[in-house]
Amino acid sequence: MTDKPRTSGDEPSRFDIIVIGGGVVGTAIARVLSRYRWKTALLEKQAELSFGTSKANSGIVHAGFHSAPGTLKAELCVKGCAMYPGVTSELDVEYKQNGVLMIAMSEDEIQKLHDFRRQGEINGVPGMRLVVGDELRALEPNLSDRVVAGLLAPSGGVVSPFELTLAQGENAAANGVSVFLETEVLSMSVNDRSITEVHTSKGTFSAAIVINAAGLYADKVANMAGDYSFVIRPRKGEEYLLDKRLSGIVRSTIFPLPTKVSKGILVIPTVHGNLMLGPTAEETDNREDLSTSFEGFQQIFAMCTTMVNGLQPSDLIATFAGLRPASDRDDFVIEPSEQARNLLNVGGIESPGLTAAPAIAEMVLEMVKEMAHEFGLGIEENEGYDGTRRSVRRFRCMTDEQRAAAIAEDPLFSRVVCRCEQVTEAEIVDAIRRGARTLDGVKLRTRAGMGRCQGGFCTSRVLKILSRELGVPVTSLTKRGGASRVLLYTIKDLLVSDSGPAGPV
Ligand SMILES: Cc1cc2nc3c(=O)[nH]c(=O)nc-3n(C[C@H](O)[C@H](O)[C@H](O)COP(=O)(O)OP(=O)(O)OC[C@H]3O[C@@H](n4cnc5c(N)ncnc54)[C@H](O)[C@@H]3O)c2cc1C
């Protein structure tokens, strides 16, 4: 899936449009741009798409009653939510419209539910209603006794954010977008208020229009073009993933009333059947700090156990943190830059950015069409465009008959590599052929390593398959690119050397 840029010293690699950032927003934009005959490049600094905030979030498709009317967050959240069934079906990405339930634990809080219902109605959220008493208990039997009412928004859902991001990227590439990985934008040349060149770690690019979807670094990328109109203020969120044993304990995603800075700590039934608790919300200056903490764990369990019965810390299988790329404007920043005429900023995409991504992409497409003429671009449809894509075939989702047929077609389906998630070698090989280069790349595409044992059983097997398929030494493989090498040496290295390990290969 990766293209090769020209190296520095050559003429710049020329495109009509450059999209900087391969998260859920940048890939959604690249995909809608590929409906037109523009030569588009997607530049991503990490080893694979989706390795930024888009891989570490709650995966909720919000209904849209949280944001204040008149904001881009409110408008694009409701629009994006309505687009999810269509987009995920086109891209063959799992999506469950399980609804969201905001709960009240006192009479005062019930009044607030009414306020959110009114706000949601103004925003255009369909089908919301207050549920109480027997209906509430029948809907969610495991809510704690303290819960007295809930505001149900049936349009909300859950999705796998990284599967969606990778699927969008794959589909954009299939429709002609050139994807450049490990390509960090470092600086820009600007002349007469226009970006003339984009200098990256892999050479120089030029384009008529540059779209900045760089997430946590969107302000820094804008700064490169002389634009200081917004500042990213990261807000960290810790998430706690529980074993599938608790699958079904809640049906809807359970929200408390929101705090000033976030939607609160939630109980989330993930699309893959785990339960997830989180996220916390902590402002930070550190754009790379993805650590989790004992305080976060305590805060999350204290909150979630007041809402839902039966949650045990012993069911915890993984923790992670993500950083919301919030901005000082308290809303999404989606606008042409005033400092560089051919730059479109798509920054400050904090929550509900995952939900809004499909609608953000359509909005950006309209802006590009408005700018196209001024920058010498036509607007011709890509007649070969195909917005559909099929996912890796999941052994765990097949019936016995389907499994037998799959094994007859490809014997690698008979080799289960990840026992917890029932992932076969055929799926891992398919993921690698689609572009996985790292352990996390395989994990995000197949779920190998995401089960109860968290890769204890399958990691070495996945590494061997990666090494074989990519034709590289196993010791060169990384968890997520960069310096995250998994093995320094192998047992074989140890055995052949009298003086200890042979050292890094
Ligand atoms: C804990 C948490 C929970 C959340 N839960 C939800 C939720 O349930 N529902 C919801 O709707 N939203 C949620 N969000 C928000 C959502 O995750 C984000 O809005 C969304 O992922 C932002 O996507 P993005 O593409 O803008 O950013 P990213 O995914 O971060 O993508 C930006 C990309 O740009 C790349 N990049 C940066 N600088 C450069 C450069 N100089 N050169 C090249 N590439 C560069 C990065 O590597 C990155 O891959 C949550 C966020 C967090 C942190």
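Residues numbered from 1 in each chain as written. Predicted model: local features only at pLDDT ≥ 70, side-chain atom pairs only at ≥ 80, totals over all residues.

Of regular secondary structure, the protein chain possesses 13 helices and 22 strands. For a compact globule of 505 residues, the expected C-alpha radius of gyration is about 23 Å, and the protein chain comes in at 23 Å, within 12% of that figure. Considered along the principal axes of its C-alpha atoms, the protein chain spans approximately 70 × 65 × 45 Å. Taken across its 505 residues, the protein chain has 50% of its residues classed as buried. Taking the contacts inside the protein chain whose residues are at least 6 apart along the sequence as the reference set, 72% of them involve residues at least 24 apart. (Helix = DSSP H or I, 4+ residues; strand = E, 2+ residues; numbered from the N terminus. Rg over C-alpha atoms; globule rule 2.2 N^0.38 Å. Buried ≥ 20, exposed ≤ 12 C-beta atoms within 10 Å, placed from the backbone. Contact = placed C-beta atoms within 7 Å.)

We now examine the site of the ligand. Around the ligand sit 42 residues in total, of which Gly23, Gly52, Gly215, Gly237 and Gly353 are the nearest. Elements that contribute at least two residues to the shell around the ligand include exactly helix H1 (24-33), strand S13 (235-242), strand S18 (316-324) and helix H8 (353-372). Split into classes, the residues belonging to the shell around the ligand amount to 18 nonpolar, 18 polar and six charged. Looking at the shell around the ligand, you find at least three residues from each of domain 1 (1-96 + 158-232 + 325-391) and domain 2 (100-154 + 234-322). (Near = placed C-beta within 6 Å. Nonpolar A, V, L, I, M, F, W, Y, C, P; charged D, E, K, R; others polar. Domains from an automatic or database assignment.)

Parsing the protein chain into structural domains produces domain 1 (1-96 + 158-232 + 325-391), domain 2 (100-154 + 234-322) and domain 3 (395-496). Using C-alpha coordinates to define each centre, domain 1 is positioned 29 Å away from domain 3. Contacts between domain 1 and domain 3 engage 11 residues on the former and 11 residues on the latter. Among the residues forming the side of domain 1 that touches domain 3, the class breakdown is five nonpolar, two polar and four charged.

The subject of this paragraph is the confidence of the model for the protein chain. Looking at the protein chain as a whole, its pLDDT mean stands at 95, while 96% of the residues score no less than 70. Low pLDDT (under 50) marks residues 500-505, which in the prediction has 14 contacts with non-local residues, meaning those over four places away or in another chain. (pLDDT = per-residue confidence, 0-100.)

H8 packs onto helix H2 (residues 72-91) with a crossing angle of 100 degrees between their chain directions and a minimal axis gap of 6 Å. Taken together, the axes of H2 and H8 are roughly perpendicular relative to one another. Facing H2, whose interface residues are Leu76, Cys77, Lys79, Gly80, Cys81, Met83 and Val87, H8 presents Thr355, Ala356, Ala357, Pro358, Ala359, Ile360 and Met363. Among the residues making up the contact of H2 with H8, the classes are represented as 11 nonpolar, two polar and one charged. (Axes fitted to C-alpha atoms, helices over the stretch in contact; angles between N-to-C directions. Parallel < 35°, antiparallel > 145°, perpendicular 65-115°, else oblique.)

In this section: helix H7 (residues 294-307). Taking 1.5 Å of rise per residue, the 14 residues of H7 would be expected to cover 20 Å, and the 20 Å separating its terminal C-alpha atoms lies within 8% of that figure. What H7 keeps buried is the set Gly296, Ile300, Cys304 and Met307. Projected down its long axis, H7 shows its buried positions confined to an angular sector of 45 degrees, all on one face. Of the exposed residues in H7, the ones pointing more than 90 degrees away from its buried face are Phe294, Glu295, Gln298 and Ala302. Buried residues along H7 sit against strand S5 (100-104), S13, strand S14 (253-255), strand S15 (266-269) and strand S16 (275-278). (Expected span 1.5 Å × (residues − 1). Arc of directions from axis to C-beta.)

Along the chain, Glu283 falls in strand S17 (residues 282-283). Overall, Glu283 belongs to the exposed group, with 11 C-beta atoms counted inside 10 Å. Taking the C-alpha atoms as reference points, Glu283 and Arg415, separated by 132 residues in sequence, lie 45 Å from one another. What Glu283 contacts, discounting residues up to four positions off in sequence, is Arg233 and Arg235.

Relative orientation of the contacting elements H1 and helix H5 (residues 161-174) amounts to 30 degrees, with a least axis distance of 8 Å. Viewed along their axes, H1 and H5 adopt a mutual orientation that is roughly parallel. The two elements H1 and H5 cross, and the hand of that crossing is left-handed. In contact with Val24, Thr27, Ala28, Ala30 and Arg31 of H1, H5 contributes Pro161, Leu164, Thr165, Gln168, Gly169, Asn171 and Ala172. Here the contact of H1 with H5 is built from residues that sort into six nonpolar, five polar and one charged. (Left-handed = near helix turned anticlockwise from the far one by under 90°.)

What follows concerns the environment of Ile103. Structurally, the position occupied by Ile103 is in strand S5. Under the C-beta neighbour-count criterion, Ile103 is labelled buried, with 27 such atoms within 10 Å. Beyond its immediate chain neighbours, meaning those up to four positions away, Ile103 contacts Leu143, Val147, Gly150, Ile254, Phe255, Pro256 and Met307.

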